[in-house]
Structure formats: structure tokens, C-alpha cells
Amino acid sequence: MSRARQMIIILLFSLMSACGGGGGESDSEAGGGDGTDEPTPVINTPPEVDAGSDQTVTAGQSVTLAGSGSDGDGTVIDYQWTQLSGSAIDLTNADQVVASFTAPSVLSFENLEFSLTITDDAGEMVSDRVTITVNPQQLAALPDYGPDLDLCPATLSDRGDRVIHLCDCQSGAVTDCTPGDDANLGSALSPKRSIMAAIAAFNAGSDLAFCRGGVWHSDTALQLSASGCRSGTPCTLQDYGDSVQARPTIRITQAGNVDGMVFDPSDDQLSWQGIQIHNLQLSKQSRDGEGFGLFLFRNLNQVVMQCLEVDGFGIGVYLNSNDLESGDITLSDSHIHDNGVMGWLGGTHRTRLERNRFHNNGWLNASALQHNVYLSQMKSDGVVRGNWLSDSALDMNDHCVGTSLVAHNDNTVDLLIENNLIEERNPSPGCWGLTVDAAGSTTESHQRAVIRGNLVRNVGNLAIGVASCVDCIIENNIVIQTLIGGATGIASPNRSTAAPDLDVSGTVVRNNSVYFGGAASGRAYYVGERGGDYVVTNNIGYFANPQSGDSCYDFDLSADAYQLVNSNLCYGASFDSGTSGLDGMASSADPGFLDAPDDLRLESDSAARDRGTTLSVPTTDMLGNPRDATPDLGAYETP
């Protein structure tokens with residue numbers, strides 16, 4: 001080999017070593033001294049997530065959240081659904097790609113927003129959102145329930161210069177709200193501003209008008225005097241302005257036992273009369289479930305409360321009258337919700353609760369002693385009509401544990417409970433629906449109470465019950481039970497009583513429809529135990545999935561305790577678990593409902609049509625249609 005060629009080879013070898021192509025020493029130097037190559041960075045591709053399409057559903061409907069997720073360069077290792085807004089619900093399989101829930105009861109349409117977050121094997125998370133719009137449930141052929149919002153436009157007193165207008169724009173007011181000034185005269189164009197100015201003006205004899213969209217904060221209750229009010233010229237607290245805007249809101253900012261609005265004559269010898277409260281919201285900012293939202297105390301007469309919203313207090317509306325002559329108190333078209341102990345408590349002569357929505361009241365340390373509505377001291381001629389009640393006394397597990405509508409601690413005459421909807425999502429056995437009975441230490445009785453045209457759906461182990469009730473009537477009601485075992489649809493009596501309470505007697509149970517389906521079991525009607533002069537006619541008891549021990553009727557007294565038992569129908573279960581042979585016109589047949597349990601009207605060829613007795617029958621059915629000369633069984637009369 002020539003020397004020149006040797007030199008060329010040596011030079012090439014040197015160049016290769018310098019470029020790292022040679023031995024370990026040069027590799028080490030090129031690699032920074034650690035003996036390894038620099039790794040090429042791996043860039044993760046984010047996963048892809050889709051929470052599904054927006055949906056519109058009906059309250060009570062089962063909703064499926066069908067999400068999806070994928071990872072192009074790995075795998076999805078975690079799914080998590082989270083509710084972002086709307087009424088709280090229980091999500092099933094929240095850690096799966098597909099989750100579900102039951103749409104909650106709503107007063108008007110409500111949007112529930114959910115987020116689906118997924119995580120890939122590199123720890124990267126991405127999210128997507130979906131909106132579920134929930135509409136109120138409207139079952140077929142039922143009365144209207146809850147507030148009639150057409151009765152709640154912005155209003156204005158006609159008392160001219162006696163009306164003081166106010167406008168404040170504290171937190172929560174609409175964006176274009178313009179606050180007034182207490183130095184102003186108080187006209188609609190030049191309103192005053194503060195709560196203190198409002199109290200002073202009202203107590204001096206003026207009416208108050210609060211601007212729509214406005215918000216007032218107060219750390220104390222509004223103590224109001226109605227000493228100058230009269231039935232012919234009532235004092236008024238109301239709204240004014242654009243009816244599209246939200247109701248004026250008075251928000252109590254102090255936590256604890258602080259009331260919202262108080263009317264108290266402070267002297268048992270005084271009597272106030274003529275008060276109107278219209279289109280206002282009273283709210284407790286802390287929502288701690290304490291204090292009274294609207295407190296009517298002592299001797300009050302001719303009070304009208306309409307189109308209100310009361311929330312966050314202990315008792316939403318508390319009527320505590322100690323005057324035997326007080327009366328004519330009305331609450332209508334209002335939304336009473338999320339109060340810790342009761343939605344309504346109290347009563348007096350001619351108390352009327354009409355077309356209200358009572359929801360999620362009684363949640364604070366929930367027990368059987370808390371209710372959506374507690375009628376107490378109703379005295380005479382009370383009316384509870386067209387209301388919608390749900391989510392009564394929910395415990396920490398979101399289960400109803402207290403009766404939704406109860407009347408006791410009372411001696412009432414001619415109480416009417418008519419055309420109300422009472423329903424629950426998660427009932428426990430003690431979550432009763434509607435009771436008129438005795439449960440206190442005082443002498444109690446109810447005479448000639450009428451319970452008719454109500455829909456009681458999926459409450460606890462008693463839907464409708466009476467005790468200490470004399471000559472009371474239970475007619476044209478619908479009971480639907482699909483969730484609770486060991487339940488009773490209609491009971492007289494529903495609980496034991498003892499002296500000095502009046503004992504039950506003369507109960508009339510007629511033309512009701514009781515449906516048991518799903519997991520429900522028990523008895524449709526119980527009339528017995530004690531008392532007498534009972535009448536049970538033209539009822540339907542239906543068991544879609546009968547279980548051992550189920551019965552349509554339970555009559556456990558001797559035959560002479562029953563004045564009339566006639567023309568009752570039973571399907572699915574045994575007819576009678578007690579005294580037999582009482583009903584010579586009984587039938588065991590499928591009544592042929594149109595679409596049970598949603599529509600319990602009768603098919604054209606129903607075995608329950610034209611089968612009723614006329615010896616004891618209501619004049620109309622639950623919709624107000626007249627009963628004919630050959631009445632149908634159950635709550636509906638087919639034209």
C-alpha cells in the first residue's frame with residue numbers, strides 16, 4: 001500500500017471519529033458525557049370527546065346521556081359526567097361513557113347542563129357539554145295544577161299619589177336597572193330607593209310599588225303596619241314596570257332566625273284588615289332554612305297574597321292567627337320552594353290556597369314532622385285547590401320522609417281539598433301524600449271534609465287518609481303507586497286516635513281509581529278498624545303486577561258497620577282481605593284504562609262503564625263532567 005493511500009485512510013478514520021461514528025469515547029463526548037443518545041420527544045395526541053346531542057324531555061322521563069370518546073394514539077382510561085346547572089338530579093353510571101337520570105319535576109321548562117370529561121392514558125383530559133331541556137309533565141285528562149302565570153302581569157295600584165315607587169339595583173338586578181333616590185318624590189319616573197324608605201312609606205299609609213328587575217338587600221325583617229288599611233281600600237305591596245322583567249326581589253342577607261316580611265298588630269285587641277301583596281319575591285340569601293318568609297301574626301282579615309315567590313327560609317308563609325273571628329286569607333298562583341321546615345303553616349276561617357307550587361320544603365333535618373303544606377287551625381270553610389306539591393321533606397339521601405299535605409292540630413268544619421297534584425320522585429314509606437287526621441295533644445276533629453279530584457302519585461305507603469273525621473267524603477281521586485311495597489291507596493282511618501279526639505265515622509269513599517303497578521304492592525282501599533256508617537261505592541282497584549297478599553279492598557269490621565258497599569271493581573289482586581259478601585254488585589274484571597298509568601279514563605268497551613250505583617255517587621267526575629243516570633266506576637265519567 002502506498003504511503004499516500006495510507007494517509008488518506010488515516011484521515012478518513014479521523015473524520016469519522018470526530019463525527020461520532022467511532023468508538024465509545026467519542027460517543028460519550030457527543031452525547032454529553034452520559035453514554036446515551038438524546039431520546040426523541042413523544043407528542044401525545046389529545047383524545048376526542050362528544051357529550052351527545054341536546055335533548056328535550058318531560059319531567060319524570062328517563063334520560064340517557066350517550067357520550068363517546070376515543071384516543072387515536074392510545075386509550076381512554078376514565079369517563080366522568082358532571083352536572084353543571086339546573087335542579088339537582090342523581091346520575092346513574094356517572095363514571096361510564098353512557099349515564100342516565102330521571103328528569104326532575106319542574107314548574108316551567110328548565111335547562112340542565114352536563115359535562116363529559118375523558119382522560120387518556122397520557123393523563124390528558126378534554127370535555128364537552130350537553131343541555132337537556134325539561135318540560136313540565138302533562139298527563140292526559142287532568143285538571144290544571146299550579147300557578148296560572150296569566151294572572152301575574154305587572155300591576156299598579158289605582159290609589160294615585162298614595163303609591164310610592166321604589167327601585168334599587170343591588171346584586172342580581174337586571175343589567176339595565178336604574179336605581180332611584182330616597183330624596184325623590186316616589187313616582188314611577190322618579191322613584192325612591194331603599195328598604196327603609198319603603199317601610200316608612202307603607203307604615204305611614206302609602207302603597208308600595210317595587211320596580212320589576214330590581215333587587216333590595218336587607219339584613220333585618222321588614223316590619224310592616226297595616227293599621228290604616230281597610231277591606232274596601234286595602235293596602236298594597238306590588239310591582240311596576242316591564243312584565244317581561246323578573247319580579248322585584250327582596251333578599252334577606254342576614255343568616256339565622258331572621259324573617260322576611262312581618263305583619264303583626266302587636267296587640268291581641270287590635271285587628272288589621274285589607275292587605276294585598278302581589279308579584280314579589282322574598283328570598284333568604286344564605287338559604288339556611290331559618291326564619292319566616294312571610295309572617296302573618298295575630299288578628300288579620302282580608303289578606304290576598306298572589307304571584308309570590310318565597311324561598312330559603314324556615315317556613316315560607318306562616319299564618320298564626322289567634323283571633324276566632326279572623327279570616328279570608330288567600331295565597332294563590334305562588335311558588336313556595338326550598339324552605340327548610342314548611343312551605344305553608346297555619347290557617348284560620350276561610351283560608352284559601354289555590355294554584356300554588358310547593359316544592360322541596362322541609363329539607364332541614366328532614367323528618368315526618370316536616371311538610372310542604374301543614375294546615376293548622378283552619379277552622380271553617382277552608383279551600384285547598386289546584387296546587388302542585390312535590391319533594392316534601394327530603395333527607396340527605398334525597399328521599400321524601402314527611403307527608404306532603406297534612407291537616408291536623410285542628411277542629412275544622414267544611415274543609416275542601418280539591419284537584420291537587422301530589423307526587424314524589426324518591427318516596428320512603430313515611431312519605432305520605434294527603435292526610436286529614438289528628439296528631440297533637442289538643443282535642444281534634446274534622447267534620448264534613450271533602451277530598452276530591454286529587455292526583456296522588458308515587459308517594460310513600462299511604463296516598464290519602466283520614467282520621468278523627470266525621471262524615472267526610474273521599475271521591476273522584478286518582479292514586480298511582482309504582483314504587484313502594486306494603487302501601488295503601490285510600491285509608492279510613494289512617495292512624496289510631498284516642499280521647500279527647502273525635503273518632504272516625506261516616507266516611508264516604510266513592511268513584512276513586514287506584515292503580516298499583518311496577519314494584520308497588522299492598523291494598524288499594526282500607527275502610528274499617530273502628531267507627532261505622534261507612535259507604536264504599538263505584539271504586540276501581542287495579543294491580544298490574546299482583547303479589548302475594550295484595551288486595552283491592554280491606555273491610556275488617558262486622559257487616560253492620562257498613563251502611564253501603566256497592567258496585568266496586570277489582571282487577572289483579574284478591575277482592576277483599578276482610579269481611580266478605582258486602583258487595584252484591586262487585587266485579588272482578590279488567591277496567592280497560594286508555595293508557596295506564598298515565599291515562600285512567602275508560603275504553604269504550606270497558607267493563608267499568610255504566611256499572612255504578614246511583615245510591616251514592618258524586619254529581620260530577622274529577623274533570624267536572626256530570627255523572628249520568630248510569631254512572632261509570634272510577635274517577636272519570638265517559639261522555
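Residues numbered from 1 in each chain as written. Predicted model: local features only at pLDDT ≥ 70, side-chain atom pairs only at ≥ 80, totals over all residues. Heavy atoms only, no water.

Draft legend 1. Layout of the overall build of the chain. Helix and strand counts for the chain come out as 3 helices and 54 strands. Taken over the C-alpha trace, the chain has a radius of gyration of 34 Å; the compact-globule value for 639 residues is 26 Å, which it surpasses by more than 25%. Here the C-alpha coordinates of the chain stretch approximately 140 × 75 × 45 Å along the principal axes. Residues classed as buried in the chain amount to 54% of the 639 residues present. Restricting to contacts in the chain with at least 6 residues of sequence separation, those with at least 24 account for 72%. Accessible area for the chain stands at about 26400 Å²; split by element, carbon and sulfur atoms hold 49% of it. One way to put it: in the chain the 32 positive side-chain charges average out to a point 8 Å from where the 81 negative ones average out. (Helix = DSSP H or I, 4+ residues; strand = E, 2+ residues; numbered from the N terminus. Rg over C-alpha atoms; globule rule 2.2 N^0.38 Å. Buried < 20%, exposed > 50% of the residue type's maximum accessible area, 1.4 Å probe, protein only. Contact = heavy atoms within 4.5 Å. Areas by Shrake-Rupley, 256 points an atom, 1.4 Å probe, with all protein chains shown as cover. Lys, Arg positive; Asp, Glu negative; His and termini not counted. Charge placed at Lys NZ, Arg CZ, Asp CG, Glu CD.)

Draft legend 2. The side chain of N360, seen in detail. Relative to the helices and strands, N360 resides in the loop between β26 (357-359) and β27 (371-375). A polar side-chain atom of N360 sits 2.5 Å from a polar atom in the side chain of D338. The contacts of N360, once residues within four sequence positions are left out, are H337, D338, N339, N372, S390, D391 and L394. (Polar contact = N/O pair within 3.5 Å; in protein donor to acceptor, adjacent residues only side chain to side chain.)

Draft legend 3. How the structure looks around the sheet that holds strand β39 (residues 469-470). Taken together, the 3 strands give an open sheet; going across it, the order is β31-β35-β39, and neighbouring strands pair in parallel fashion. The two strands at the open ends of the sheet, each matched to only one other strand, are β31 (411-413) and β39. With 2 bridges connecting them, strand β35 (residues 445-447) and β39 associate as parallel partners. The residue of β39 that forms the bridge with Q447 is V470. (Pairing = 2+ DSSP bridges.)

Draft legend 4. Spatial organisation of the pairing of strand β14 (residues 249-252). Of the two faces of β14, the one holding T249 and R251 and the one holding I250 and I252 are both buried throughout. Inspection of the sheet shows strand β11 (residues 215-218) paired to β14 by 4 bridges, in the parallel sense. Across the sheet, the residue bridging to S218 is I252, located in β14. Two elements, β14 and strand β17 (residues 281-284), share 4 bridges in a ladder whose sense is parallel. Of the residues in β17, the one forming a bridge with T249 is Q281.

Draft legend 5. Spotlight on the state of the cysteines. Within this structure, the stated rule accounts for 7 disulfides. Here C152 engages in a disulfide with C307; their sulfurs sit 2.0 Å apart. Given an S-S torsion of about -80 degrees, the disulfide between C152 and C307 has left-handed geometry. Here C152, found in the loop between β8 (125-135) and β9 (163-166), pairs with C307, found in the loop between β19 (300-306) and β20 (309-311); they are 155 residues apart in sequence, far enough to count as distant. Bridging C469 to C472, the disulfide has an S-S length of 1.9 Å. What sets the handedness of the C469 and C472 disulfide is the S-S torsion sign, and at about -90 degrees it is left-handed. Taking the relative accessible area as the measure of exposure, C469 reaches 0% and is therefore buried. (Disulfide = S-S within 2.5 Å.)

Draft legend 6. Representation of helix α3 (residues 195-203) within the structure. For α3, every residue scored as buried is listed here: I195, A197, A198, I199, A201 and F202. Positive backbone phi, approximately 110 degrees, marks G205, located one or two places after α3.

Draft legend 7. Examining the environment of S468 more closely. In this fold, S468 is placed in the loop between β38 (462-466) and β39. Residues S468 and S266, spaced 202 residues apart in sequence, show a C-alpha to C-alpha distance of 34 Å. A polar contact is formed between the side chain of S468 and the backbone oxygen of L502, at a distance of 2.8 Å.

Draft legend 8. Here's a closer look at the pattern of salt bridges. This model, assessed by the stated rule, comprises 25 salt bridges. Of the charged contacts in the structure, one is a salt bridge between E309 and R247, with a shortest N-O distance of 3.7 Å. A residue pair is termed long-range when its members are at least 10 positions apart, and E309 in strand β20 and R247 in the loop between β13 (235-240) and β14 qualify at 62 residues. Here E309 matches R247 in class, with each residue buried. (Salt bridge = Lys/Arg side-chain N within 4 Å of Asp/Glu carboxyl O.)

Draft legend 9. Here's a closer look at unusual backbone geometry. That bond from S492 to P493 is cis: its omega, 0 degrees, falls within 30 degrees of zero. Backbone geometry at R298 places phi at a positive 70 degrees, although glycine is not the residue there. Here R298 shows up in the loop between β18 (292-297) and β19. A residue is classified by how much of its surface remains accessible, and R298, at 18% relative accessible area, is buried. Its identity is not glycine, yet D338 carries a phi of approximately 60 degrees, on the positive side.

Draft legend 10. Representation of the sheet that holds strand β5 (residues 76-85). With respect to topology, 4 strands assemble into an open sheet ordered β2-β8-β7-β5, the strand pairing being mixed. The outermost strands of the open sheet, each flanked by one partner alone, are β2 (55-58) and β5. This sheet shows a mean twist of 30 degrees between the axes of neighbouring strands, independent of strand direction. Of the pairings in the sheet, the one linking β5 to strand β7 (residues 110-120) comprises 8 bridges and is antiparallel in character. Opposite D78, over in β7, you have T119 as the bridge partner. (Axes fitted to C-alpha atoms, helices over the stretch in contact; angles between N-to-C directions.)

Draft legend 11. Representation of the packing of aromatic side chains in the model. Per the counting criterion, the structure on display carries 16 aromatic pairs. Taking the centre distance of 4.9 Å and the plane angle of 35 degrees together, the rings of Y553 and F575 count as tilted. Placement of Y553 in strand β48 (residues 551-554) and of F575 in strand β51 (residues 574-576) is noted, with a sequence separation of 22 residues between them. Through successive ring pairs, a cluster of aromatic residues spans Y525, Y534, Y553, F555, Y562 and F575. Above the ring of Y526, the side-chain terminus of R523 is found at 4.0 Å from the ring centroid. (Phe/Tyr/Trp six-rings, centres within 6.5 Å; stacked < 30°, edge-to-face > 60°. Lys NZ or Arg CZ within 6 Å of the ring centre and 35° of its normal.)

Draft legend 12. Molecular detail of the side chain of N361. Within the fold, N361 resides in the loop between β26 and β27. A polar atom in the side chain of N361 sits 3.1 Å from the backbone nitrogen of N339. Among residues more than four places away in sequence, those in contact with N361 are I336, H337, D338, N339, M342, G343, H371, N372, D391, S392 and A393.

Draft legend 13. The arrangement of the nonpolar core in detail. The biggest cluster of nonpolar side chains holds 98 residues, and the ones touching the most others in it are L237, M261, F263, I277, M305, W344 and L375. The element best represented in this core is α3, accounting for 6 residues. When sequence neighbours within four positions are dropped, the list of residues in contact with I277 reads L237, M261, F263, L294, V304, M305, Q306 and L308. Formed by 23 residues, the second largest nonpolar core is a distinct cluster that contains A51, V57, A99 and A103. (Core = buried A, V, L, I, M, F, W, Y, C linked by side-chain atoms within 4.5 Å.)

Draft legend 14. Spatial organisation of the environment of V341. Secondary-structure assignment places V341 in the loop between β23 (335-337) and β24 (342-347). For V341, a relative accessible area of 26% puts it in the partly exposed group. Placed 49 residues apart in sequence, V341 and F292 show a C-alpha to C-alpha distance of 9.8 Å.

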